[in-house]
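One letter stands for each residue in the lines below.
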Amino acid sequence: MREWYSPHNRSDANDNRPPMPRPRVRATRHAPAMKVLFATPEARPLVKTGGLADVSAALPAALCAIGLDCRLLLPGYSAVLAGALDLQERAWLYDLPGFGAVRLLQGRMPDSGVPLYVIDYPYHYQREGGPYQDAHGRDYPDNAWRFALLSRIAALLSSPASPLDWRPDLLHCNDWQTGLAPAYLHFAGRPVPALMTVHNLAYQGIFPPDLVTALGLPAESFSIDGVEYYGNFSFLKAGLYYADWISTVSPSYAEEIQRAPLGMGLEGLLAGRRERLTGILNGIDTADWNPSSDLHLPCSYSARALTGKRRCKLALQQDLNLDPLPQAPLAGVISRLTYQKGIDWILAVADRWVAAGGQLVILGKGEAHLEADCQAVAARHPGRIAAIVGYDEGLSHRVEAGADLFLMPSRFEPCGLNQMYSQRYGTVPVVHAVGGLKDTVEDGVTGFVFLEPSAEGLWQAMERALALWGDPDSWRRMMLAGMHKDFSWEASAQRYAWLYRMLVLTSGR
Ligand code: ADP
């Protein structure tokens, strides 16, 4: 068994290591693997609405690979019950006020085999539609109960009252859906430390105040020093306030959320806890996103043999009815279509891009008016712009491979994944200088980074890209610089492991 604390793991080469006190206690040489319960509302490939699902699949697998005993906890949505491996009944949980008897299953994640606990409670989780919304995009009216249950069970499994013989050393919570868990743990005497990771502060889980006591928290927790958020009850604030430590998914976003507007009303709390707030960049799944072995692509390529990328571009142009022009710079966009993602800025420069000889592919799903606007701009430019409204994993890989550049002008971006996939696929990213975009794209080296938050700012960066496109050797140098960057999960997993150790060793529990 690997030891979970080793001075050698705290490598000084770990240059982006978060500032935090060094653990004072060393475990013995043969200390058992550190146990971590990773509570999350979504994990790929079982259930995904965004980047959190990618992180929830890849990070626990990377933690297990470096010797931790990390297990997932997920709600038993129909897709989870159908897709998880070897699910078996593990326990019945009775002591959950407001919920009756709840069955806990244990199995494994597909692909990675990471151990998984599933909350089998059909009344709350087995539904048509997505994990948070029905088929018409409306939030489920009982979301507070659904995710209070997830939080409750996360806290219960982390406490001496757990019916399992496996108890974690630390609870890792992810986003508002698990935000009540640190509060439940706090009021249960803090048996283990809790880490609260924010993947996107824009989603806070806001509910009416009368649910505070209904969901099992003491009335006095409804205060500014507690779960109150401007007169309402915020699940995320509960997590941020009661967790032992807060992390977010890039160092720049960790700074940005300590101020308005990106603090989204929580900047005071976050700035007040800045000594306990760390940014750790997400990695990417380098097996899934590898142009030399990607089964979604019509042909493979690598930094050493780039010819296949040209064929991927031609195939994409043909599939999407774009003119098969090798010399036209083809820009790709794969995104939730929301205000956050700066889609309106892309649409505002689309005519100019086409006039300059460019092509554009947009793959996305989201706000109805943005979906309609994307389709309208494509209709205006047949052969030059394609808009595919929908969620299509295979096509997202083919766009990454077939495009020459990738547009990601997000107004804010906690980390972002596509700019990293793009660099790995030799597709030059054009990004706004915020959050993880700023932390992962090197301006003029692996992509183009613009400062001014507007369509004009984006356009100026696209003009710089056009100028470089006219110089094939320099373009190729930029492609290769991106393709050689290391975005694997291992470095991030080491940082989380270091943070876990520090929390456990300094918690004194
Ligand atoms: P966010 O989590 O804010 O949506 P990220 O960049 O962190 O943004 O992650 C988005 C993930 O979802 C990426 O893996 C991206 O490729 C994928 N994605 C987004 N929209 C689509 C789509 N329409 N089709 C396929 N994949 C998509």
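Residues numbered from 1 in each chain as written. Predicted model: local features only at pLDDT ≥ 70, side-chain atom pairs only at ≥ 80, totals over all residues. Heavy atoms only, no water.

> Explain the domain arrangement of the protein chain to me, please; I cannot follow it from the model alone.
Many descriptions give the size of an interface as the accessible area lost when the pieces come together. Each assigned domain of the protein chain is listed here: domain 1 (39–283 + 490–507) and domain 2 (307–483). Computed over C-alpha atoms, the centres of domain 1 and domain 2 are 33 Å apart. Listed as interface residues are 20 residues of domain 1 and, on the opposing side, 17 residues of domain 2. For the pair domain 1 and domain 2, the summed buried area comes to about 1300 Å², and 56% of that belongs to carbon and sulfur atoms. For the pair domain 1 and domain 2, the number of links is one salt bridge. Scanning the region where domain 1 abuts domain 2 turns up eight residue pairs in polar contact (both at pLDDT 80 or more). Among the elements of the structure, α1 (51–65) and α8 (251–256) are those that each provide at least two residues to the side of domain 1 that touches domain 2. It is α8 that provides the largest number of residues to the side of domain 1 that touches domain 2, a total of four residues. Residues of the side of domain 1 that touches domain 2, tallied by class, amount to eight nonpolar, eight polar and four charged. (Domains from an automatic or database assignment. Contact = heavy atoms within 4.5 Å. Buried area = accessible area lost by both parts, 1.4 Å probe. Salt bridge = Lys/Arg side-chain N within 4 Å of Asp/Glu carboxyl O. Polar contact = N/O pair within 3.5 Å; in protein donor to acceptor, adjacent residues only side chain to side chain. Helix = DSSP H or I, 4+ residues; strand = E, 2+ residues; numbered from the N terminus. Nonpolar A, V, L, I, M, F, W, Y, C, P; charged D, E, K, R; others polar.)

> Would you mind going over the site of the ligand with me for this structure?
Around the ligand, the structure places 19 residues, and the nearest of them are G51, R336, K341, G390 and N418. In the model, an oxygen atom of the ligand is placed 3.2 Å from a nitrogen or oxygen of the K48 side chain. At 2.8 Å from an oxygen atom of the ligand is found a side-chain nitrogen or oxygen belonging to K341. When isolated, the ligand has an accessible area of 560 Å², and the protein chains bury 92% of it. By residue number, the principal contributor to the shell around the ligand is strand β13 (residues 330–337), which donates three residues. By residue class, the composition of the shell around the ligand is six nonpolar, eight polar and five charged. Residue assignment places the shell around the ligand across two domains, with domain 1 (39–283 + 490–507) and domain 2 (307–483) each supplying three or more. (Near = heavy atom within 4 Å. Areas by Shrake-Rupley, 256 points an atom, 1.4 Å probe, with all protein chains shown as cover.)

> I tried to follow the pairing of strand β14 (residues 359–366) on my own but got confused; where do I start?
Across a regular strand the side chains alternate sides, sitting on one face of the sheet and then on the other. With six of eight residues buried, β14 is to be regarded as a mostly interior element. Summarising the sheet, β13 and β14 pair through eight bridges and their orientation is parallel. Along β14, the bridge assignment pairs L337 with G366. Crossover connection from β13 via helix α11 (residues 343–355) to parallel β14: handedness right-handed. Relative to strand β15 (residues 385–389), β14 runs parallel, the two sharing five bridges. Across the sheet, residue L363 finds its bridge partner in β15, namely I388. (Buried < 20%, exposed > 50% of the residue type's maximum accessible area, 1.4 Å probe, protein only. Pairing = 2+ DSSP bridges. Right-handed = clockwise from strand over helix to strand, strands pointing away.)

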